[in-house]
Amino acid sequence: MEIERKFLTKKIPFSLEQYPCSTISQSYISLSPTIRIRQSNTEYFLTVKGKGNMTREEFELPITKKQYIALEKKCETPPVLKKRYYVPLSETLTAEVDIYEGNLSGLITIEVEFATEKMAKQFLPPKWFGEEVTSDNRYKNTNLSLYGIPKT
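Source: prediction; values computed, not measured.

Cut-offs used in this document
Residues numbered from 1 in each chain as written. Predicted model: local features only at pLDDT ≥ 70, side-chain atom pairs only at ≥ 80, totals over all residues. Heavy atoms only, no water. Phe/Tyr/Trp six-rings, centres within 6.5 Å; stacked < 30°, edge-to-face > 60°. Buried < 20%, exposed > 50% of the residue type's maximum accessible area, 1.4 Å probe, protein only. Core = buried A, V, L, I, M, F, W, Y, C linked by side-chain atoms within 4.5 Å. Helix = DSSP H or I, 4+ residues; strand = E, 2+ residues; numbered from the N terminus. Contact = heavy atoms within 4.5 Å. Salt bridge = Lys/Arg side-chain N within 4 Å of Asp/Glu carboxyl O. Pairing = 2+ DSSP bridges. Axes fitted to C-alpha atoms, helices over the stretch in contact; angles between N-to-C directions.

S.K.: An account of the packing of aromatic side chains is requested, with residue identities and associated values reported.
M.R.: All told, the structure shown has 8 aromatic pairs when counted by the stated rule. Pairing Trp-128 with Phe-129 gives two aromatic rings, centres 4.8 Å apart and planes at 75 degrees, and the pair type is edge-to-face. Judged on exposure class, the residue Trp-128 and its partner Phe-129 are both buried. Among the aromatic residues, those joined into a cluster by ring pairs are Phe-7, Phe-14, Tyr-19, Phe-114, Phe-123, Trp-128 and Phe-129.

Dropping the structure here:
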């Protein structure tokens, strides 16, 4: 089960360079159901996601680089490219700050994953997070890969 909230931001008020970072490329083999392949640095994953916004089923399986390359040929979408910085918010919460690249350059989103829905609902985001887009399907990575940055 994945429980997360997603936010937009225009500017990060501190340097991200001090935090761990992953270079991510992900594409979608299927949009319904959502089946994604992802390269994160030197790791590769196949992920199946259920329907939903804040809460949804998620199954992730590590795959080899060879399997990833073979599955890339099956993708229905262009890749989403981003750098993900892991910024600790507390002992149990981390802000995953995504700085998008390529045709999504200029877009910055922040996701926070929670252990329970209660924790997610009680979470008070820092001011630098900006507008919440958890329920705005235009900001799901599947739609970003197909349609680009939403017009506001």
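Moving on, there is more to tell.
S.K.: Can you lay out the nonpolar core for me, pointing to particular residues and giving the numbers?
M.R.: Core analysis: the largest hydrophobic core is formed by 18 residues, its most contacted members being Ala-95, Val-97, Ile-110, Phe-114, Phe-123, Trp-128 and Phe-129. Counting residues per element, this core draws most heavily on strand E9 (residues 108–113), which supplies 3 residues. Leave out the neighbours within four places in its chain, and Val-97 touches Ile-12, Leu-16, Lys-83, Arg-84, Tyr-85, Val-87, Ile-108, Thr-109, Ile-110 and Trp-128. Among the nonpolar cores identified, the runner-up in size contains 8 residues, and Leu-104, Leu-107, Val-133 and Leu-144 belong to it.

S.K.: Talk me through the pattern of salt bridges; I want residue IDs and the actual numbers.
M.R.: Counting across every chain of the model gives 13 salt bridges. Asp-98 is the partner of Lys-82 in a salt bridge, and the nearest nitrogen-oxygen pair spans 3.1 Å. Of this pair, Lys-82 sits in strand E7 (residues 80–88) while Asp-98 sits in strand E8 (residues 94–100), and the two are 16 residues apart along the sequence. Judged by relative accessible area, Asp-98 falls into the buried class, the value being 0%. Each of Lys-6, Lys-82, Arg-84, Glu-96, Asp-98 and Glu-111 takes part in a single network of salt bridges with overlapping partners.

S.K.: Quick one: what's the story with the environment of Ser-145, residue by residue and with numbers?
M.R.: When you line up the elements, Ser-145 lands in helix H3 (residues 141–147). Excluding anything up to four places from it in sequence, Ser-145 contacts Tyr-28, Thr-77, Pro-78 and Val-80.

S.K.: I'd love a proper account of the sheet that holds strand E4 (residues 43–49), names of residues and values included.
M.R.: Spatially, E5-E1-E9-E8-E7-E2-E3-E4-E6 is the arrangement adopted by the 9 strands of the open sheet, whose pairing is antiparallel. Each having just a single partner strand, strand E5 (55–56) and strand E6 (58–63) make up the two edges of the open sheet. The pairing of E8 with E9 spans 5 bridges and is antiparallel. When the sheet's bridge partners are listed, Ala-95 is paired in E9 with Val-112. The strands that helix H1 (residues 65–72) touches are strand E2 (21–31), strand E3 (34–40), E4 and E6; relative to E3, the one it contacts most, it runs at about 130 degrees.

S.K.: Quick rundown of the environment of Thr-92? Include the residues and the values.
M.R.: Here Thr-92 lies in the loop between E7 and E8. With 22 residues separating them in the primary sequence, Thr-92 and Phe-114 have C-alpha atoms 8.5 Å apart.

S.K.: Outline the side chain of Thr-77, listing residues and values.
M.R.: Inspection of the secondary structure assignment puts Thr-77 in the loop between H1 and E7. Note on Thr-77: relative accessible area 8%, which makes it buried. Residues within four places of Thr-77 in sequence aside, it is in contact with Ser-27, Tyr-28, Leu-31, Ser-145 and Leu-146.

S.K.: Tell me about the pairing of E8, and please be specific about residues and values.
M.R.: E8 sits mainly inside the fold: 5 of its 7 residues count as buried. Taken together, the 7 bridges between E7 and E8 define a ladder with antiparallel strand orientation. Opposite Lys-82, over in E8, you have Tyr-100 as the bridge partner.

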